[in-house]
Amino acid sequence: ALVATTFAAHAQINKGNQAIGLGFSSNKSTGNSYINDQSTSTNEQDNLNVSLDYSYFIKDKLAIGVFASYGNGDSKYSYQNQNLTSTDNNNYSVGFIGKQYFMFGEKFGAFAGGSLSTSISKSKSTDFTSGATLDENKFWNVGIGLQGGVAFFPFRRLSCEAGIAAVNIGYTKQELKNANDETTYDSKSSSFAVDFAKSLNNIMFTLRYHFGFKK
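Residues numbered from 1 in each chain as written. Predicted model: local features only at pLDDT ≥ 70, side-chain atom pairs only at ≥ 80, totals over all residues. Heavy atoms only, no water.

Asks: What is the right way to read the overall build of the protein chain from this model?
Replies: Assigned secondary structure in the protein chain consists of one helix and nine strands. Going from the N terminus to the C terminus, the protein chain shows its helices and strands as α-β-β-β-β-β-β-β-β-β. Looking at the 215 residues of the protein chain, the share that counts as buried comes to 30%. In the protein chain, once contacts between residues fewer than 6 apart in sequence are set aside, the share between residues at least 24 apart is 64%. Within the structure as shown, the protein chain displays about 13,300 Å² of accessible surface, and the carbon and sulfur contribution to it stands at 59%. (Helix = DSSP H or I, 4+ residues; strand = E, 2+ residues; numbered from the N terminus. Buried < 20%, exposed > 50% of the residue type's maximum accessible area, 1.4 Å probe, protein only. Contact = heavy atoms within 4.5 Å. Areas by Shrake-Rupley, 256 points an atom, 1.4 Å probe, with all protein chains shown as cover.)

Asks: Got a minute to help me understand the pattern of salt bridges in this structure?
Replies: Any two side chains of opposite charge can pair, on the condition that their charged atoms come close. What the rule picks out here adds up to three salt bridges. With its nearest N and O atoms 2.6 Å apart, the salt bridge here joins R208 to D53. Residue R208 is located in strand 9 (residues 204-211), and its partner D53 is located in strand 2 (residues 38-59); the two are separated by 155 residues in the primary sequence. You'll find R208 and D53 in the same group, each marked buried. When the shortest N-O distance is used, the salt bridge between E161 and K99 registers 2.9 Å. Here E161 is found in strand 7 (residues 158-178), whereas its partner K99 is found in strand 4 (residues 82-104), with 62 residues between them in sequence. Put simply, D53, K99, E161 and R208 are held in one network by salt bridges that share partners. (Salt bridge = Lys/Arg side-chain N within 4 Å of Asp/Glu carboxyl O.)

Asks: What exactly am I supposed to notice about a negative patch on the surface here?
Replies: Side chains of E44, D46, D74 and D88 sit close together on the surface and give a patch of like negative charge. Relative to the helices and strands, D46 is located in strand 2. According to the relative accessible area criterion, D46 is partly exposed, its value standing at 34%. (Patch = residues over 30% accessible without salt bridge, like charges linked within 9 Å, V, L, I, M, F, W, Y side chains within 5 Å. Lys, Arg positive; Asp, Glu negative; His and termini not counted. Charge placed at Lys NZ, Arg CZ, Asp CG, Glu CD.)

Asks: Where do I start with the pairing of strand 7 in this structure?
Replies: Both faces of the sheet carry side chains from a regular strand, because those side chains alternate between them. Taken together, the 19 bridges between strand 6 (residues 133-155) and strand 7 define a ladder with antiparallel strand orientation. If you follow G145 over to strand 7, its bridge partner there is N168. Counting the residues that bridge the hairpin from strand 6 to strand 7 gives two residues. Relative to strand 9, strand 7 runs antiparallel, the two being bridged by six bridges. Each bridged residue has a counterpart across the sheet, and for S159 the counterpart in strand 9 is R208. (Pairing = 2+ DSSP bridges.)

Asks: I'm lost on empty space enclosed by the protein in this one. Help?
Replies: Where empty space is left becomes clear once a probe the size of a water molecule has been rolled over the atoms. What the rule picks out here adds up to one cavity of 30 Å³ or more. Lining the largest cavity we find D53, S55, F57, A63, I64, G65, I97, G98, K99, Y101 and R208. Residue assignment for the lining of the largest cavity shows that the elements contributing at least two residues are strand 2, strand 3 (62-79) and strand 4. If one sorts the elements of the lining of the largest cavity by residue count, strand 4 sits on top with four residues. (1 Å grid on protein atoms, 1.4 Å probe; cavity = no way out; pocket = protein on both sides within 12 Å on 5 of 7 lines; lining within 4 Å. Points joined across faces, edges and corners; volume = space filled by probe spheres on them.)

Asks: Teacher, can you tell me more about the packing of aromatic side chains here?
Replies: When we look at a pair of aromatic rings, we describe it by the centre distance and by the angle of the planes. Counted by the stated rule, this structure contains seven aromatic pairs. Centre to centre, the rings of F108 and F152 are 4.8 Å apart; their planes meet at 25°, and the pair counts as stacked. Remark: F152 occurs in strand 6 and F108 occurs in strand 5 (residues 108-127); sequence separation between them is 44 residues. We classify F108 as partly exposed; its relative accessible area is 49%. Overall, the relative accessible area of 28% leaves F152 in the partly exposed class. An angle of 75° between the planes, with centres 6.3 Å apart, marks the rings of W140 and Y171 as edge-to-face. With W140 in strand 6 and Y171 in strand 7, this residue pair connects regions lying 31 residues apart in the sequence. The structure contains a cluster of three or more aromatic residues connected by ring pairs, namely F57, Y101, F111 and F153. (Phe/Tyr/Trp six-rings, centres within 6.5 Å; stacked < 30°, edge-to-face > 60°.)

Asks: What am I meant to see in the nonpolar core here?
Replies: Note on soluble globular proteins: their nonpolar side chains tend to be buried together. Grouped together as the largest cluster of nonpolar side chains are eight residues: I13, F57, A63, Y101, M103, F111, A151 and F153. Listed by contribution, the elements that provide at least two residues to this core are strand 4 and strand 6. The residues touching I13, leaving out its near neighbours within four places in the chain, are F57, K59, D60, K61, Y101, M103, F153 and H210. (Core = buried A, V, L, I, M, F, W, Y, C linked by side-chain atoms within 4.5 Å.)

This is the structure we're talking about:
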């Protein structure tokens, strides 16, 4: 019965349909530096990102919508097994999205999309041993992005997507404060980045529920 249901499913991306998506990505990395075969520094990072979006199909295979996302990153850095510091970073983003699907049959397809978003990111570095605050960093960013990926529609109301490439252009304002809450660095900058998923750790997977159409 499950096989029959799967093969009978159709991609519900026609005009008037709606969808809610829950996205997730997570990765962990460890880096070590050596001089004369002796370890001089280590860097460990854990990152988690989740997103929630809503989209409405204004045309067949063309949707517009809104999204919100949250990201958390923890890193630990040590130099010659001393001066261990820990940094916690939190990022909040909201914005608008647009997406065009290109189907290859009933169940498989690709998508290309664009986004306009703004985000706030805050990070805090502490001495891992004493817990004393070393500095605090605040970022504010606004930008536009282009994304691409693949989509799979196994069931009538459920689809899975994987984002594998992205281009982002942004404007960022940064403010750095020391342990005494004194501003030590203030800057404004623009950025341009092209990213391709090199492994499963870099892919944003999204599970999407489709509704608003006749049964």
